[in-house]
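Architecture and fold: a report
These are the residues of each chain, in order.
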Amino acid sequence: MGTRRRLVPYYLLSPGGVYLLIFFLIPLGLMVYTSLQSGGLLSGGFTFSWEFQNYADVLGSYQTQFIRSIVYSLIVTFVALLLSYPMTYWIAFYGGRWKSSLLLLLLMPFFVSFVIRTIQWKFILGDNGPVLGLLKTIGLLPEGFGVLSTPFAVVAGITYNYLPFTALPLYVALERIDKRLVEAAKDLYSSRWQAFRKVVWPLSLPGVFAAFLLTFVPATGDYVNASLLGGPGTTMIGNIIQDKFLTENAYPQAAALSVILMVAMVILATIYARILGTEEATRAAAAA
Amino acid sequence: MSQRDRSFDPMQEIMRRRFTRRSVLRGTGMGVAGISLGSLLAACGSDSGTGGGGSGSGGFDVAEIYTGEPGGSLAFANWPFYIDQAKDESGSVYNPSLAMFEEQAGITVDYEDVINSNEEFFGRLRPVLEAGDDTGWDIIVITNGRIFTALTVNDWVYPLDTSRRPNFDANAATWAKDPAYDPGNTHGMPWQSGLTGIGVNTEMVNGEITKLDDLANPDKVGLGMVGMLKYDMADFVMINLGIDPVTSTPDDWREAADWLLYQKDQGVVRNYYGNDYLDELKNENLSASMAWSGDVIYSQLWLQYPMEFVFPEDGALLWIDNMLIPAGAQNPVGAMQLMDFFYEPEVATMVTEWVQYMSPVPATQDLMLQDADAAEAEGDKGLANKLRASAESPYLYPSEEFLAKTSFGRSLETDEEVQEWDSIFLPISQT
């Protein structure tokens, strides 16, 4: 009886656990396994041979793209936070009965395929498209001006595509804040700014943390925006991995790149959690 | 089927506008996760099979593969918008040539346009082929190049029964027979073929674009307005530098890479495209681009874009898309029958009038002119003119002189060659 009871949580955990095992852990293991293979398509396929050289090779060849991806992604995350915070703050505090409708609007782009949405930007931002074409006709922009194929287009595209990933966790965190705490702060003669800095901001930090992770991690691996909106000099690590897997059939190198990217993300997220670790940060802010 | 079924339908123009054979967006986004997982599983499985089925032992017995009656159905994988289409009375789209085959042969064809890139499609089939299983397809269409080589050296496609293709023997063009990459057409029969040359938006360039160097001249093409095709550019540049890619050495490859780097330094390149350059050319984001003949010719002749296909002074790259029978296919006899059926001149004409690429059946040219006359007699002058322009296009029916200036791309035979090639050319597009 007692044993059974103690086992209940594990039973409840098992569907999710099995799912993770099949669709996450096994593929992950296979990826690491593949990354240590050598060989080629024309000479009998790939064999496992503890080929650590794969890691050295890809790191040597693609560090530019690694660094570029992380830099782009940091800019994206920062801009997305900057854009989302005031917006979700307003919805959470002043949205009233429009809250759900406003959230739906925020999610609206998600109802359209990621790729289609991005392709639309190609038309909108075309050198002679509806925006630039018009500005050029009325003489506000020089003839040769273009946005597509620049880092700006790529960063803007990723920001646009991941904005809801930033906004939703922020909204959840802000929405949970007890409004009476803000009133209490004001009763205690804090200014609006002080009330925000000492009450709202610290309480929303878990949301900021979640938003950061949900945006930064996938944005670093993104390849759709760079391939559709970018040009020479904007290739991201996701594009390299895609090319290696799908066009060069260099599976070990592709897997090695993926492992490196994953490890790098875990390390960066850990450092970030240490610096801005949610609980410590909340406590520290509250004490200040 | 009456002749009328072949008539062009406005629907086709609308559909072609956005999707042409190669300019369909490759599976960006969707399905990639699935593919990479598949590849992983495959890569894993390869361990046990090393040396087993591979290393080109060619252990197939043609007589054994092609025995008995054809099966009742067969599955055909092809590229999008690469076969004739029409609408039946109820308004649904069908393929007249295939319908004709089904009626004549009594074989049901499951035709699907699932191939958007050789590499990606191959990535999906490879695990299955490696495991020695049936891919589900009886015919696939693959371009000459490294995927074609990988399929043949690993015995992942069946050799063809050369006694079962009377139409091919009688009607195939000289260039379609016995190509360097597939001596004796023992593995593949050309479906369609085309040239990689230069596509020009005539409203966006200064002066005439006639040669490769014009693609590196900002005065002619403008800054950041040139598209390059990353999988074709190495061979294309070599040809135009006077090097025959087929016999090229790594030193020649470096020479081509130097030109590409020089071009990049001029600041003219907008992007290195896989296959989605055509819309950019139409939308005036590109002034000139490396381009596939059929794409540009269709846009120019049939859709009236201010575009032009340029065969560069020093030569162009010739490629051939081949029909292959994957190993383990269920209906190789039926597949052989269908492949040969498309070498009947009337059938080949139905396809060519629609796809505007180089047909491996030269007799289609006269038949197309006859159709033009017939259209004119019926008062459809527009259609007649378009058919005539296509039939007279030197890019659909290149002269010997033209063909002499084309070459196939380098076919990379070993993994070492592939690695060296990639290490020279990939850094140019992957920056």
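Quantities reported herein were computed from a predicted structural model and do not represent experimental measurements. (Residues numbered from 1 in each chain as written. Chains lettered and ligands numbered in written order. Predicted model: local features only at pLDDT ≥ 70, side-chain atom pairs only at ≥ 80, totals over all residues.)

1. Some remarks on the overall build of chain A
A tally of regular secondary structure across chain A gives 12 helices and 2 strands. Counting from the amino terminus, helix and strand elements in chain A follow one another as α-β-β-α-α-α-α-α-α-α-α-α-α-α. With the C-alpha coordinates aligned to their principal axes, the bounding extent of chain A is approximately 80 × 75 × 35 Å. By residue count, 34% of the 288 residues in chain A fall in the buried class. Put simply, 69% of the contacts in chain A that link residues at least 6 apart link residues at least 24 apart. (Helix = DSSP H or I, 4+ residues; strand = E, 2+ residues; numbered from the N terminus. Buried ≥ 20, exposed ≤ 12 C-beta atoms within 10 Å, placed from the backbone. Contact = placed C-beta atoms within 7 Å.)

2. Side note on the overall build of chain B
For chain B, the count of helices and strands is 18 helices and 12 strands. Across the 431 residues that make up chain B, the buried fraction comes to 49%. Residue pairs at least 24 apart in sequence account for 80% of intrachain contacts in chain B once pairs closer than 6 positions are excluded.

3. Observations regarding unusual backbone geometry
Only a minority of non-glycine residues have a phi that is not negative, and only a minority of peptide bonds are not trans. All names here are of chain B. We note that F81 has phi near 55°; this positive angle belongs to a residue other than glycine. With respect to the helices, strands and loops of the structure, F81 is situated in the loop between β1 (73–77) and β2 (86–87). F81 gets classed as buried once you count the C-beta atoms within 10 Å, which come to 21. Its identity is not glycine, yet N185 carries a phi of approximately 45°, on the positive side.

4. Focus on the nonpolar core
Grouped together as the largest cluster of nonpolar side chains are 109 residues, with contacts concentrated most on I139(B) and V226(B). At 7 residues, the largest contribution of residues to this core is made by strand β11 (residues 316–324) of chain B. There are two domains that each give this core at least three residues, and those are domain 1 (3–193 + 321–361) and domain 2 (195–318 + 406–429) of chain B. If near-sequence neighbours (up to four positions away) are discounted, I139(B) is found in contact with L74(B), F76(B), A77(B), M323(B), I325(B), A335(B), L338(B) and M339(B). Ranked by size, the runner-up nonpolar core spans 49 residues in total, among them Y62(A), F165(A), L170(A) and A250(A). (Core = buried A, V, L, I, M, F, W, Y, C linked by C-beta atoms within 7 Å. Domains from an automatic or database assignment.)

5. Considering the packing of helix α10 (residues 250–265) of chain B against helix α18 (residues 415–429) of chain B
Residues and elements named next belong to chain B. Where α10 meets α18, the axes come as close as 9 Å, and the angle between the chain directions of the two elements is 5°. With respect to each other, α10 and α18 are oriented roughly parallel. Side by side, α10 and α18 meet where P250, W253, R254, A257, L260, L261 and K264 of the first sit next to E420, W421, I424, F425 and I428 of the second. When the residues that make up the contact of α10 with α18 are grouped by side-chain class, the tally is 9 nonpolar, no polar and 3 charged. (Axes fitted to C-alpha atoms, helices over the stretch in contact; angles between N-to-C directions. Parallel < 35°, antiparallel > 145°, perpendicular 65-115°, else oblique. Nonpolar A, V, L, I, M, F, W, Y, C, P; charged D, E, K, R; others polar.)

6. Brief notes about helix α6 (residues 146–153) of chain B
The element α6(B) is largely enclosed, with a buried count of 6 among its 8 residues. Two residues or fewer past α6(B), D155(B) is found with a positive phi of approximately 60°.

7. Looking at the pairing of strand β9 (residues 288–292) of chain B
Where a strand is regular, its side chains alternate between the two sheet faces. All names here are of chain B. Here β9 lies mainly inside the structure; 5 of its 5 residues are buried. Burial along β9 is two-sided: the residues A288, M290 and W292 and S289 and A291 are all buried. Examined bridge by bridge, strand β6 (residues 189–201) and β9 share 5 bridges and lie antiparallel to one another. Counted as the bridge partner of G197 is A291 from β9. The pairing of strand β7 (residues 226–229) with β9 spans 2 bridges and is parallel. Its bridge partner lying in β9, V226 is registered against A288. (Pairing = 2+ DSSP bridges.)

8. As for the environment of T202(B)
Tracing the chain through its elements places T202(B) in the loop between β6 and α8 (218–221). Here T202(B) is in contact with P306(B), M307(B) and E308(B), once residues within four sequence places are set aside.

9. Describing the pairing of β6(B)
All names here are of chain B. For β6, the buried fraction is high: 13 of the 13 residues fall into the buried class. Strand direction decides the pairing type here: β6 and β11, joined by 7 bridges, are antiparallel. Bridge pairing links P190 to N322 in β11. Note: β6 against strand β10 (residues 307–310), 4 bridges, orientation antiparallel. Of the residues in β10, the one forming a bridge with G199 is F309.

10. Let's talk about α10(B)
Residues and elements named next belong to chain B. In a regular helix each residue adds 1.5 Å, so 16 residues correspond to 22 Å; α10 covers 22 Å between its end C-alpha atoms and thus fits that length. Taken as a whole, α10 has its buried residues at W253, A256, L260 and Q263. Take α10 and look down its axis: the buried residues cluster within an arc of 75°, on one side only. Looking at α10, the residues exposed on the side facing more than 90 degrees away from the buried face are P250, D251, R254, L261, Y262 and D265. Each element contacted by the buried residues of α10 is listed here: α9 (233–240), β8 (269–273) and α18. Once α10 ends, the next one or two residues include G267, with phi positive near 75°. (Expected span 1.5 Å × (residues − 1). Arc of directions from axis to C-beta.)

11. Overview of the confidence of the model for chain B
Residues and elements named next belong to chain B. When the pLDDT values of chain B are averaged, the result is 86; 87% of them are 70 or greater. The model gives residues 1–57 a pLDDT under 50, and that stretch makes 113 contacts with residues more than four places away or in other chains. Reported for the predicted complex are a pTM of 0.81 and an ipTM of 0.79. (pLDDT = per-residue confidence, 0-100.)

12. Details of the packing of helix α7 (residues 179–187) of chain A against helix α8 (residues 192–221) of chain A
Each pair of packed helices can be summarised by the angle the axes make with each other and by the distance between the axes. Residues and elements named next belong to chain A. Relative orientation of the contacting elements α7 and α8 amounts to 140°, with a least axis distance of 10 Å. Accordingly, the angle class assigned to the pair α7 and α8 is oblique. For the crossing formed where α7 meets α8, the hand is right-handed. Contacts between α7 and α8 pair L181, V182, A185 and K186 from the former with A195, K198, V199 and V200 from the latter. (Left-handed = near helix turned anticlockwise from the far one by under 90°.)

13. Quick notes on the environment of D133(B)
Residue and element names in this part refer to chain B. On the secondary structure map, D133 appears in the loop between α5 (118–130) and β5 (139–143). Separated by 195 residues in sequence, D133 and G328 have C-alpha atoms that sit 6.1 Å apart. When near neighbours in sequence (up to four residues on either side) are disregarded, D133 contacts V128 and G328.

14. Quick notes on the confidence of the model for chain A
In the predicted model, chain A carries a mean pLDDT of 89, and 95% of its residues have values of at least 70. At the low end of the mean pLDDT range in chain A sits helix α12 (residues 278–287) of chain A, at 54; at the high end sits helix α2 (residues 53–94) of chain A, at 95.

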